[in-house]
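Survey of secondary and tertiary structure
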Amino acid sequence: MASQWQNFLANLGAWQGSFTGISPTGTELKTTLSLLSLEAGEQNAEGAISMVRFRLQRFEGGDRSAPPSSDLSQEYRSLGRQVVFFDTGTFCKGSLQLAPGTVFGGEFGFVHGDRRHRLVLLYTEAGDADQLVLIREYRVGSGAQECPPLTPEQLQGSWQGSRATIAADWPEPDRSEARVSFSAAEMAELQWLADGGYCRWPQQVSHREAFSVQAGWLTAPDRLERLIRCYDGSGAWVSATHEVLER
């Protein structure tokens, strides 16, 4: 069984893309071009990658050939508890605890082929939905294309596949078969996104009531991925679930 670190390495490469702010009502706010690289660094005695160099450049002016407006670099030798990586490289991370007066948020990162589809959910200190950030990324030189915007009709019907759940207190995934169908009531709670994406995020969260946040990505008409991050009635993170579903 692959380790969290090995799953993380499925994200290695250079990814060009964009960050788009989206309001809770679905209005696109601002788009900034980006270039992100995850590069293998040091190796251990067995020859395995033991360090990864991360670099994120943003280009406010819309021209990647110009100097970046921001340039962030970091080295990873380990992964924190707040992030969970699954077999495909798809990952989920977020706050470990929702507490009064603190900003709460999470990120869902899907990886498939030469594409990455990431979504950041941000809440205010009062627990109100603040903003989404949709990040569409393409492996440099691949010619990969954006998926069409998702519509309710594309989710209708029955889906089946595999499910992996990682609990906050146990890093090994609990695996099972998954069978999913979206009811009309469930789809009414979804926010539809560009690039085949959707999310379900409560408009208000509290440390006194259990809740979950969810994102999905339709990579093909008959292939859907879902990520679900669950919190209990004390605001503590409980688990993260990844589903790969087909018609």
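Just so it is clear, the structure is predicted and the values come from calculations on it, not from any experiment.

**A look at the packing of aromatic side chains**
Per the counting criterion, the structure on display carries 12 aromatic pairs. With 5.6 Å between their ring centres and 75° between their planes, Tyr 123 and Trp 201 make a pair best called edge-to-face. Placement of the pair is Tyr 123 in strand 8 (residues 115-123) and Trp 201 in the loop between strand 13 (197-200) and strand 14 (211-220), with a sequence separation of 78 residues. Pairwise contacts between aromatic rings join Trp 5, Phe 8, Phe 54, Tyr 76, Phe 85 and Phe 91 into one cluster. Above the plane of the ring of Trp 15 lies Arg 116, whose end atom (NZ or CZ) is 5.3 Å from the centre. Between the NZ or CZ atom of Arg 229 and the centre of the ring of Trp 237, over which it lies, the distance is 4.4 Å.

**Brief notes about the layout of surface pockets**
In this structure, the largest pocket spans a volume of roughly 480 Å³. For the lining of the largest pocket, the secondary-structure elements that each account for two or more residues are strand 2 (28-40), strand 3 (52-59), strand 4 (70-76), strand 5 (83-85), strand 6 (91-94) and strand 8. A per-class count over the lining of the largest pocket returns 14 nonpolar, five polar and five charged. Taken as a whole, the second largest pocket encloses approximately 230 Å³ of empty space. Every residue lining the second largest pocket is counted, 18 residues in all, and those nearest its centre are Phe 86, Asp 87, Ala 164, Pro 173 and Arg 175. Each residue belonging to the lining of the second largest pocket can be placed in one class, and the counts come to eight nonpolar, six polar and four charged.

**What about the pattern of salt bridges?**
With the rule as written, the count across this model stands at 16 salt bridges. Among the ionic pairs, Lys 93 bridges to Glu 107, the shortest N-O distance being 3.7 Å. Remark: Glu 107 occurs in strand 7 (residues 104-112) and Lys 93 occurs in strand 6; sequence separation between them is 14 residues. Between Arg 200 and Glu 189 there is a salt bridge, with its nearest N and O atoms 2.8 Å apart. Taken together, the positions of Arg 200 in strand 13 and Glu 189 in the loop between helix 3 (184-188) and strand 12 (191-192) put the pair 11 residues apart, joining distant regions of the chain.

**Some words on the nonpolar core**
Ranked by size, the top nonpolar core spans 30 residues in total, and within it Phe 108, Leu 119, Leu 132 and Trp 201 carry the most contacts. Among the elements that take part in this core, strand 14 stands out by supplying four residues, more than any other. Setting aside residues no more than four positions away along its own chain, Phe 108 makes contact with Phe 91, Cys 92, His 117, Arg 118, Leu 119, Leu 121, Val 213, Gln 214, Ala 215, Leu 227 and Arg 229. Grouped together as the second largest cluster of nonpolar side chains are 16 residues, Trp 5, Leu 38, Val 83 and Val 120 included.

**A short note on the sheet that holds strand 10 (residues 158-167)**
Read from one edge to the other, the open sheet built from seven strands follows the order 11-10-16-15-14-13-12, with strand pairing classed as antiparallel. If you trace the sheet from one side to the other, it starts and ends with strand 11 (170-181) and strand 12, each paired once. Taken together, the four bridges between strand 13 and strand 14 define a ladder with antiparallel strand orientation. What sits directly across from Cys 199, in strand 14, is Ala 215.

**Looking at the environment of Leu 122**
Secondary-structure assignment places Leu 122 in strand 8. Along the chain, Leu 122 and Ala 66 lie 56 residues apart, while their C-alpha atoms are 30 Å from each other. Discounting residues that sit within four places of it in the chain, Leu 122 has contacts with Phe 104, Asp 128, Ala 129, Asp 130, Gln 131, Val 133 and Trp 201.

**Notes on the environment of Gln 82**
Mapped onto the fold, Gln 82 is located in the loop between strand 4 and strand 5. Setting aside residues up to four positions removed in sequence, Gln 82 forms contacts with Cys 92, Lys 93, Gly 94, Leu 96 and Arg 229.

What counts, and at which threshold
Residues numbered from 1 in each chain as written. Predicted model: local features only at pLDDT ≥ 70, side-chain atom pairs only at ≥ 80, totals over all residues. Heavy atoms only, no water. Phe/Tyr/Trp six-rings, centres within 6.5 Å; stacked < 30°, edge-to-face > 60°. Helix = DSSP H or I, 4+ residues; strand = E, 2+ residues; numbered from the N terminus. Lys NZ or Arg CZ within 6 Å of the ring centre and 35° of its normal. 1 Å grid on protein atoms, 1.4 Å probe; cavity = no way out; pocket = protein on both sides within 12 Å on 5 of 7 lines; lining within 4 Å. Points joined across faces, edges and corners; volume = space filled by probe spheres on them. Nonpolar A, V, L, I, M, F, W, Y, C, P; charged D, E, K, R; others polar. Salt bridge = Lys/Arg side-chain N within 4 Å of Asp/Glu carboxyl O. Core = buried A, V, L, I, M, F, W, Y, C linked by side-chain atoms within 4.5 Å. Buried < 20%, exposed > 50% of the residue type's maximum accessible area, 1.4 Å probe, protein only. Contact = heavy atoms within 4.5 Å. Pairing = 2+ DSSP bridges.

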